[in-house]
Each structure stands twice: as C-alpha cells, then as structure tokens.
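Analysis of the macromolecular model
Listed below, chain by chain, are the residues.
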Amino acid sequence: MSSNSLESIVGRENVEESCVIPGVPVAHPVEVDQARELFKLASSEGQKLLLLGKGSKLGWSCLANRPDFALSTSRLSGIIEFEPGDGTLTALAGTSMEELNSTTRGAGLTITPDVPRPETASLGGVIATGASGSDRLAMGPGRLHVLGTRVLQPNGEVTRSGGNLVKNVTGYDLMRLYGGSFGCLALVTEASLRLGTVPEGTIVLSMDFDELETALGAAEDVLAARVSPRAVTLENQLHPGQWSLHVVLSGRLAHIEFELDRLAQLLKSPRVSRETAADELKCRLRDLEPDSRERAVLHVGVQPSRLRPTIAALLDGLGPSPRAEFLLQPGIATVDVGLEPGSSPPGPDTLLFLSRTLRASGASTTLRVDRPMGMELAADPDDPLRSSLMERLRATYDPSRLLCTRPPLGGLR
Amino acid sequence: MNPPIVRALRAIVGDAGLVVDETRRIPYECDGLAFERQKPRLVLLPGNTEEALGCMRILHEEGIPIVARGAGTGLTGGATPVEGGVVVGTARMRRVLEINVQDRYARAEAGLVNLDLSRACADDGLMYAPDPSSQMACTIGGNVANNSGGPHCFKYGNTSRHVLGLKIVTPEGELLDLSRPETDPEGLDLVGLFVGSEGMFGLATEVTVRLLPAPENVETVLAIFPDLDDACDAVSEIIAERWDPSALEILDRLTIQAVEASIYAAGYPAEADAVLLIEIEGSRAECDANYNGISAVLDRHRVIEARRAQTEQERKKLWAGRKGAYGAMGRIAPDLYVSDVVVPRTKLRELVRKSTEICSEYGLKLTNVFHAGDGNLHPNLSYDRRDSDELKRVLAAGDEIMEAVIAAGGTLSGEHGVGLEKRDQMPMYFSQPDLDIMLAVRAAWDQQQRMNPGKLLPIRACNEHMPFKGLNR
Ligand SMILES: Cc1cc2nc3c(=O)[nH]c(=O)nc-3n(C[C@H](O)[C@H](O)[C@H](O)COP(=O)(O)OP(=O)(O)OC[C@H]3O[C@@H](n4cnc5c(N)ncnc54)[C@H](O)[C@@H]3O)c2cc1C
C-alpha cells in the first residue's frame, strides 16, 4: 500500500511508516468518516487491513494474512459522556485506559478492567482482546462491564449494540461478540462502560513460601475464608524455591480492617502494607501481568480444581529450570508464565505439545509475544460446528475478508 | 400435523413428550402477554438433549417453524407460538446435573426452575444470583433466552453475567456443545451472544452457571415514604453516593394496597405513598457501614421510618410481598400489562411522574413496582382484555411511556426482552443498519430463520416470513 493513498485520507501527519510490522504503514484516522474511507480504500484495492488500538497487544492476535496497511484508533480518542450519578462512561475507542481512569477517579469511580500500563492500552484494544485486569477476582472479566458499543463494519455501516445504561436487554448483545474478537469482525469506534467505586482503602498482606505447594495451600485457605479480596496472587520471580503470596483487600475501611483481622488468624504473621506502600505494591503486582513487549508470555486458564495438574503439566513441558517467571491467580485459576526477556521462547512444536497437554487437562493456552502470530501455531483442531458458526459470523461482517486477523479459535494463537 | 411426522416424533419423545390434543394445547397459546394468542400445531416436550436433537432434526427436515418454551412466564410474547409452528418445551428437562463446589458452577437442564437451582446449592453455602420475581416458576433456559434480571441483579447483574456454558441444539438438529466452563471464551464469545437471543438462535438444553458464595449476613430494610418522588430521589442519591446495597426496590401506594389485601401481605403500611425495600449484604462491618450511610440519605428524603427486619421470617415476609406483587394485582383488574423500561438513574422521579401523567390522561390504573436501583421501571397497567377499548388505551399509553423513556435517554427493556410486544418499537432505539446486522447475525445461527420467527426484529418487506402482523395497535 502506498502511503500516499493513506495520506490522502487522513493527512500526512497521521500516517506512520512501518511502525508495528516492518513495511506495513499505519493510518491514524481522527474521525470515523476517515476510518470508513480507509475501509473503502482497502475494499476497492483488494487489500488486507489490520485493525489496531495503540498496538500494545498486537502480539496477542493471530494473523490470517499479511496486512497491506494498518488502521489505528489511537487518534480517535476522547470521552463522549461521563455520568457519575449513573455510574457510566462512554468514550471513543482510542482513548487510553489511563485517561479513562483519571477522568473517573476524581468522581470516586473506577474502570474495569484494571489493566497493566493503562497509558499504553486503548479502550477499543482492551475490548477487542477481551482483556481482564488485576481486579478480575472481585469484579469479573472486563467484557462484562461493557454496556454497549458502536462499530464500523467493513461494509462502511456504523452500527450500535447495547447502550449506555447499566441494565439493558434490548436487541442481541452484539457487544459480547466484539469482546475478544481481535478485530476480525469490525472496528470498535466507541464503547460505554459500567463503572465501579474507588475503594476507601487498600491493604496488601504478603507472605513468602519455600514451596509452591504450601503457597498454593495458603492461597486456597484465603479463598475459602469468608473474605472478598480484590486479588490473590502468587508470584515467583525467577527463583524456583521462592513464592510470595499477596492478598489485596480493598473497600470500605471498616470492612478491610475486619477482613484483615480474619486473615491474620489464618495466615501466620503476614507482612501488612497499607496506604502508599499498599498502593505501590498493588501497582507492582498489576505490572507483573504479561507485557508482550518485554517477553513472551504463556497465559493459561483453567478451572480451579485443575490448577495443580495444570501447573505440573506446565513445569513438565517447559523442562528443568526454565528461565521463567510465574504469576498465578488461584482465585480465577490463571497462570501466566513470563519467559525471561532475552531467552528464546520454546519452539512451535514444544508449544503445540504443551497446548495439547494442557487442553487435555481442561486448560486453554494462549501465547502472547511481541509480534502477531501466523497460522502455524494455531493449528489445534476445534469443534467443527463451533468453528463453522464462528466462520459464518465472520463472513456476516466481513464477506470479502478485508480484515486480516482471524477468530482466535482454540489452542495457541 | 402429518401423521407420519407425528409418529416419528412420538417414537423419540414417547406419549409423555407429545401434546397433540386440542384442549391440552390451549395453555401453550400464549405466555404472560395474554392478549396475543396462537395455537401451536403440536407441543413437544423432549426429556433430554438426545430427544431434543431427534425432534429438531425432524422439524428441520420438514421446514417447520419452532418456538422454544420454558415455563411461559415471559411477558413479551417471546414464547407465543407462530402460525403453523411447533412448540418445543423444556418442562421435562429439569434435572440439576452437577453442583461443583470447588469450581463454583452448576450444570442443569434448561427446564430447571430458577428457584430450584438456588435450593440445590444452598446446603453448600452457594447461591445462583439472578432472581426474577417469577423465580418460583420460570426456567433457567427462559432466563438465558431473555437475559433475565431480578431484584438482586442490581448488585450481581442480569443472567448474562452468570452463564458460563451452554449446550445448544441448533435449528438443524445438531449439538453445539459450548458447555465447558472456560475462564475466557476461546474464539468468539458464542455463549455471551446466545444469552438474550430470545429463542431465535437455537434451543438451549443445558446451562452451566456460575455460583457465588451466599453472603454472610443479609439485612432487609423497609423504608416508608410519604411521597413516591422522595423514594425515587433517595434511590438516585444512594447510587450517586456509591453506597453498596444489593437490592433497591420501590412499590407505590396502589401496589402496597393490593399486596396488603392479598395473601402476600407483608406489613407494608397502607398509608405510605411508597416503600423502598433495601437489601444489604456482607460482613457485619460492611452491613453496618452501608446501613448508616443509607440511613443518612433516607433521612434527607423525608423518610417516615426505616425498619430493619429483626428476624429471618420478617425479612422473608417483606420479600414475599415484593415478589407476590404481580399476583396481588389481580385484585385491581383481571389483566395486567407489565411494561419494562430503563431510564438513567438520575431521572427516576421524572419518568415515574411522566408515566403517571400519561396513564391518568388515558384513564388507566397504573401501579409501580420496580427495580429502582437499576433505573428499571415497571409501569404496570391493569385492564380487562375483554374491553377492547381499554386494551387499545393500554397499548397507546405503553407506547407513549416508551417514547418519553427514549427521549430521556432510556431503553426499551431492562429484563423482559422485546419479543412480540416491543418488536415494532425497536426502530425507536436502533437504526436500520443496527437492526440489519442483528438480522444477519441471527441468520448466521439460523439460516432458515425458523426459530421463533417474527419476534424481536421488526419485519421489513420480504425479509422473512411474517407470522405476526404485530400488536393490534
Ligand atoms: C409475575 C412475574 C414476575 C416476573 N418478574 C421478572 C423479573 O423480576 N425479572 C425478569 O427478568 N423477568 C421477570 N418476569 C418475566 C419472565 O419470568 C422471565 O422473562 C423468564 O426468564 C421467562 O422464563 P420462562 O421459563 O417462563 O420462559 P418462557 O416465557 O417460556 O420463554 C421466554 C423466551 O425464552 C425462549 N426460551 C425459553 N426456553 C428456551 C430454551 N431452553 N432455549 C432457547 N430459548 C428458550 C422462548 O422462546 C421465549 O422467547 C416475570 C414474569 C412474571 C409473570
């Protein structure tokens, strides 16, 4: 794709050469009409288009074809409506999660998901990747907080689903379809979110363990106790025999003190961080979440009862003393394995083998790296009926295959 | 119905699963939208997923339209049969298949009654959160299809937030197994999309839902107001101040009177203009903090009294009044048109007033009992369906209320769905391209559009067979 054609639509200052993928120019429309023109251009010239937010999670997606150019929403940004009294917010897709947070925080409201490095993540990108955050245990998956979306379809129509109210069942929930669709259906241009409440306070309890098994047992005890932590995290920073358990309590002050008392009886002398220290620790924990720009991350999700065999299978599959950092969230049963920066991730064969082994134990696996993956790592067979329905849905939106990401069907993507 | 087809179907479901007899088909003619009726050609009640697959395959081969049915408590005509169509009901699929305490989920057949699921997991200290007021009768499958809500959905969200997996029999009679509970959906979120599809994508035969730990303490407060406006404003302020009750339900004067005169009498004071039922859950500290904060708001809004239920029995009684309110309204008139709209929570008072004005202009009896915390209003119009003029006025008033709601930034439905009732009002809320993409998505699931045709999506010429002309407005 010549940059000239893109510049004629969005202006020279809004075209970048080869930013995220070598040789693939990126157009940054500043209004939806320009995005529509870019769709038209791709369609008339039979070109493949990659949809992007800020580009930070590109390595989570899977490319069916090499794109001719990319369309980023990063300059389609701004808050459209913020209704503190109703606890809702509507913003353009390119708005950074940090901007959303800072807008709502002043009114005592929060955004879910609480993603790592919110300044690098756009609202549309968070929706398209189906991302959840460190608040998932307390707030649930991020996708459930999306009240409505506006999308630009490959045929140039802008369509809306849901709305901006906290309760609404009018029409099909198409926004659920866009959540986690990795830009294979349409461009999310705008979304409305349900907001949560900024907690009065936060306390983090931390303990160290020599063995994973004891650490996991302690985490399970916390989860079984009558407390409602915001996060329960086990981390291991490249030291095989050293696991730290962090329990984040947040909410009304009286309530978290009450929960602290309860947990103090359960855990033996935990370190307690309060106020600034607690906030700093909470942020650090959030930042331990996978960052595709620094390292390859295997993200594994499973049912809690299968967590132990899944970890065992993972350790087995990665071989003796892997240069890897583990982040476990036993409450939501996810395991993130950060493969040390600089160390090469295991090859495709190992990953596929690992993925299949984990799948057999009921887990799903995603590899998140710093570049989009090709088809070769996404070869796991899926239920044919399910796959063909997904294909039909994809063809409904994009019959001429303008968009070059593909539905992330089972297995590694 | 062609005898060989009936024979083939009987061979699958047996006599217990087939309703052929004309009089026995009468109860299936409508759902809670009693003035829309259509006799089904046949009613099939498969006993399990296998039988449902067999039936759906035959109906597919014969090109027969299908309407899925749970308990028929829907209020929008969603389960009203279509002309020439067959009803496939889930009344014989009521088993709880699994309660997984460690992973906190339950698997149940779609015909299981909502309340039975909560009962089944109560001994394990778990609960299923969505609690429609019809929970003693409505089914989990119907809840999934309508993305149903209920009083506690203020805190926990509608059904969609609780469904983890589904087994779906496709319109072609194939099994789409999405029942493995996944941390995040693999690929497109088909389960999320199916919830709220109002029986137009397929027949759900099995549902996997998230269970939550039952709260440690639950407290119910009855706040009594001299004026409905005050009750509405108190709710808006509780939300704006970010207090954290689990339910906020308002009942107005006429509803209170109907409830108190019925078997659901809950001790609501007959002289009040409105009562607000507030539920608070959590640790002792959480309950106390919320109670104190909410009490201060109530005081600012002229509350006459805020009674904290002292015993579990008293608490249950307060709720029985709320949940029995619709039943109690039978005392006002034989029929009830239950409207269901949502308004921004900052505009509760304005829209409640507006609906009162509209109904008094039409000379109709309006009662309000609603999920105030979500801004989910239920202006209920009592009428007698034998009085055609009154029915016309009811529908006209319903339309006007809807227009006012939309103009105030509200939406057509918060929990009952669109069905037949609001189908023709969809263009008030959605543009034609919005509706076109919904129609296209529907066609991806149901290529022949035989599942519940004529519901939810307004019919454009030639788009599909038109079994209903729409409501008799
Ligand atoms: C007194 C009363 C109080 C109510 N209170 C509430 C309330 O608080 N909140 C609320 O949300 N609703 C409420 N409702 C409405 C109603 O109960 C709900 O919509 C309920 O979910 C319907 O369930 P059902 O089993 O009766 O479904 P039905 O009425 O039989 O069907 C409803 C829709 O679901 C489809 N369907 C049913 N089963 C399946 C299946 N297995 N697979 C696919 N599609 C299926 C049908 O085709 C139809 O479109 C109330 C109704 C009454 C009468």
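In this text, all values refer to a predicted model and were calculated from it rather than measured experimentally.

What about the overall build of chain A?
Scanning chain A from terminus to terminus reveals 12 helices and 19 strands. For chain A, restricting intrachain contacts to residue pairs at least 6 apart in sequence, the fraction spanning at least 24 positions comes to 69%. Carbon and sulfur atoms form 49% of the exposed surface of chain A, whose accessible area is close to 15000 Å².

Remarks on the overall build of chain B
The helix and strand inventory of chain B stands at 16 helices and 20 strands. For a compact globule of 473 residues, the expected C-alpha radius of gyration is about 23 Å, and chain B comes in at 22 Å, within 12% of that figure. Summarising its shape, the C-alpha atoms of chain B cover approximately 70 × 55 × 45 Å along the three principal directions. Scored against the burial criterion, the 473 residues of chain B give a buried share of 64%. Long-range pairs, those at least 24 residues apart, make up 72% of the contacts in chain B between residues at least 6 apart in sequence. Surface accessibility of chain B: about 16100 Å² in total, with carbon and sulfur atoms responsible for 48%. Placing the 51 positive and 69 negative side-chain charges of chain B at their respective mean positions leaves the two points 4 Å apart.

Digging into helix H13 (residues 348-361) of chain B
Each turn of an α-helix holds 3.6 residues, which means side chains three or four residues apart point in the same direction. Residue and element names in this part refer to chain B. The end-to-end C-alpha distance of H13 is 20 Å, a good match for the 20 Å that 14 residues give at a rise of 1.5 Å each. Those residues of H13 not exposed but buried are Leu 348, Leu 351, Val 352, Ser 355, Ile 358 and Cys 359. Buried residues of H13, viewed axially, fall in a sector of 125°; they line one side. Opposite its buried face, H13 presents the exposed residues Ser 360 and Glu 361, each directed more than 90 degrees away. Looking at the buried residues of H13, the elements they touch are helix H8 (228-240), strand S18 (365-371), strand S19 (376-377), strand S20 (379-383) and helix H14 (388-407). Looking one or two residues beyond H13, the residue adopting positive phi is Gly 363, at roughly 65°.

Quick word on the site of the ligand
Residue and element names in this part refer to chain B. Near the ligand lie 35 residues; those nearest to it are Ala 68, Thr 73, Ser 134, Thr 139 and Ser 148. Between the ligand and the protein, one listed contact pairs an oxygen atom with a side-chain N or O atom of Thr 139 at 2.6 Å. Measuring from an oxygen atom of the ligand, one finds a backbone N or O atom of Glu 198 at 3.4 Å. Alone, the ligand offers 970 Å² of accessible surface; in the complex the protein occludes 94% of this.

Points about the packing of aromatic side chains
By the definition in use, this model includes nine aromatic pairs over all chains. Taken together, the ring pairs in this structure connect Tyr172(A), Phe194(B), Phe201(B) and Trp445(B) into an aromatic cluster. Of note, Arg160(A) hangs over the ring of Tyr429(B), and the distance from its end group to the ring centre comes to 4.4 Å. Between the NZ or CZ atom of Arg308(B) and the centre of the ring of Tyr291(B), over which it lies, the distance is 3.7 Å.

Comments concerning the domain arrangement of chain B
Residue and element names in this part refer to chain B. As far as domains go, chain B holds domain 1 (1-214), domain 2 (217-327), domain 3 (333-407) and domain 4 (428-465). Taken together, the contacts link 26 residues of domain 1 with 12 residues of domain 4. Across the domain 1/domain 4 interface, buried area totals approximately 1700 Å², and carbon plus sulfur atoms make up 63% of it. Broken down residue by residue, the surface that domain 1 buries against domain 4 is led by Pro 171, Met 200 and Phe 201, which jointly contribute 37%. Between domain 1 and domain 4 we count zero salt bridges in total. At the boundary of domain 1 with domain 4, the tally comes to 10 residue pairs in polar contact (both at pLDDT 80 or more). Mapped onto the side of domain 1 that touches domain 4, the elements with two or more residues apiece are helix H3 (49-61), strand S3 (66-69) and helix H7 (190-194). Of the residues in the side of domain 1 that touches domain 4, the class split is 17 nonpolar, seven polar and two charged.

Considerations on the packing of H8(B) against H13(B)
All names here are of chain B. Contact pair H8 / H13: the axes reach a minimum separation of 8 Å and the direction vectors enclose 150°. Here H8 is positioned roughly antiparallel relative to H13, judged by the angle of their axes. Here H8 and H13 pass one another in a crossing that is right-handed. Here H8 contributes Leu 228, Asp 229, Cys 232, Asp 233, Val 235 and Ser 236 to the contact with H13, which in turn contributes Leu 348, Arg 349, Val 352 and Arg 353. Residue composition of the contact of H8 with H13, by class: five nonpolar, one polar and four charged.

Quick word on the sheet that holds strand S8 (residues 146-152) of chain A
All names here are of chain A. Here we have five strands laid out as an open sheet, ordered S5-S6-S10-S8-S9, and antiparallel in their pairing. Of all the strands in the sheet, just strand S5 (79-83) and strand S9 (158-162) have a single pairing partner and so form its edges. Sheet twist, expressed as the mean angle between neighbouring strand axes with direction ignored, is 10°. One ladder, built from six bridges, connects S8 with strand S10 (residues 187-194); its direction is antiparallel. The residue bridging Val 146 from the neighbouring strand is Leu 193, located in S10. With respect to the sheet, helix H2 (residues 32-44) is in contact with S8, S9 and S10, its orientation differing from that of S8 by roughly 55°.

Describing the confidence of the model for chain B
All names here are of chain B. Confidence along chain B averages 94 in pLDDT terms, with 97% of residues attaining 70 or more. Contacts from residues 461-469, a stretch scored under 50 in pLDDT, to residues over four places away or in other chains number 23 contacts. Interface scoring of the predicted complex returns ipTM 0.94; its pTM is 0.95.

Some words on the side chain of Ser96(A)
All names here are of chain A. Along the polypeptide, Ser 96 turns up in the loop between strand S6 (88-92) and helix H3 (97-105). Judged by relative accessible area, Ser 96 falls into the buried class, the value being 13%. Residues contacting Ser 96, with those up to four places away along its chain left out, are Lys 54, Pro 118, Glu 119, Ala 121 and Ser 122.

With respect to the pairing of strand S18 (residues 334-339) of chain A
Residue and element names in this part refer to chain A. The element S18 is largely enclosed, with a buried count of six among its six residues. Residues Thr 334, Asp 336 and Gly 338 point to one face of S18 and Val 335, Val 337 and Leu 339 to the other, with burial holding for every one of them. Sheet analysis places strand S16 (residues 296-301) next to S18, joined by six bridges and oriented antiparallel. Of the residues in S18, the one forming a bridge with Leu 298 is Val 337.

A short note on the interface of chain A and chain B
In this complex, chain A contributes 73 residues to the contact, which on the side of chain B involves 82 residues. With both sides pooled, the region where chain A packs onto chain B buries about 6200 Å², and carbon together with sulfur makes up 54% of that total. When residues of chain A are sorted by the area they lose upon contact with chain B, Lys167(A), Val169(A) and Tyr172(A) head the list and together hold 15% of the total. Between the two partners, chain A and chain B, sit nine salt bridges. Between Arg143(A) and Asp189(B) there is a salt bridge whose closest N-O contact spans 3.6 Å. Our enumeration of links across chain A and chain B arrives at 27 residue pairs in polar contact (both at pLDDT 80 or more). Taken together, the elements giving at least two residues each to the side of chain A that touches chain B come down to S9, helix H6 (174-178), helix H8 (253-266) and helix H12 (384-397) of chain A.

Some remarks on the side chain of Thr76(B)
Residue and element names in this part refer to chain B. One can find Thr 76 in the loop between S3 and strand S4 (86-89). The class for Thr 76 is buried, based on a relative accessible area of 1%. Sequence-distant contacts of Thr 76, that is, excluding residues within four places in its chain, are made with Asp 31, Leu 33, His 416, Gly 417, Val 418, Gly 419, Leu 420 and Glu 421.

Examining the sheet that holds strand S2 (residues 26-27) of chain A
Residue and element names in this part refer to chain A. Ordered by their spatial adjacency, four strands build an open sheet running S1-S2-S4-S3, and the pairing between neighbours is mixed. The strands lining the two open edges of the sheet, one partner per strand, are strand S1 (15-16) and strand S3 (49-52). Sheet contacts for H2: S2, S3 and strand S4 (69-72); angle to S4, the most-contacted strand, approximately 165°.

Some details on the nonpolar core
If you look at the biggest cluster of nonpolar residues, it comprises 106 residues, and the most contacted ones within it are Leu393(A), Leu276(B), Leu298(B), Val441(B) and Trp445(B). At nine residues, H14(B) tops the list of elements feeding residues into this core. Not counting residues up to four positions away in its chain, the partners in contact with Leu393(A) are Leu177(A), Leu185(A), Leu188(B), Leu190(B), Leu193(B), Val441(B), Ala444(B) and Trp445(B). Grouped together as the second largest cluster of nonpolar side chains are 43 residues, Met207(A), Phe209(A), Leu245(A) and Ala313(A) included.

The rules behind the values
Residues numbered from 1 in each chain as written. Chains lettered and ligands numbered in written order. Predicted model: local features only at pLDDT ≥ 70, side-chain atom pairs only at ≥ 80, totals over all residues. Heavy atoms only, no water. Helix = DSSP H or I, 4+ residues; strand = E, 2+ residues; numbered from the N terminus. Contact = heavy atoms within 4.5 Å. Areas by Shrake-Rupley, 256 points an atom, 1.4 Å probe, with all protein chains shown as cover. Rg over C-alpha atoms; globule rule 2.2 N^0.38 Å. Buried < 20%, exposed > 50% of the residue type's maximum accessible area, 1.4 Å probe, protein only. Lys, Arg positive; Asp, Glu negative; His and termini not counted. Charge placed at Lys NZ, Arg CZ, Asp CG, Glu CD. Expected span 1.5 Å × (residues − 1). Arc of directions from axis to C-beta. Near = heavy atom within 4 Å. Polar contact = N/O pair within 3.5 Å; in protein donor to acceptor, adjacent residues only side chain to side chain. Phe/Tyr/Trp six-rings, centres within 6.5 Å; stacked < 30°, edge-to-face > 60°. Lys NZ or Arg CZ within 6 Å of the ring centre and 35° of its normal. Domains from an automatic or database assignment. Buried area = accessible area lost by both parts, 1.4 Å probe. Salt bridge = Lys/Arg side-chain N within 4 Å of Asp/Glu carboxyl O. Nonpolar A, V, L, I, M, F, W, Y, C, P; charged D, E, K, R; others polar. Axes fitted to C-alpha atoms, helices over the stretch in contact; angles between N-to-C directions. Parallel < 35°, antiparallel > 145°, perpendicular 65-115°, else oblique. Left-handed = near helix turned anticlockwise from the far one by under 90°. Pairing = 2+ DSSP bridges. pLDDT = per-residue confidence, 0-100. Core = buried A, V, L, I, M, F, W, Y, C linked by side-chain atoms within 4.5 Å.

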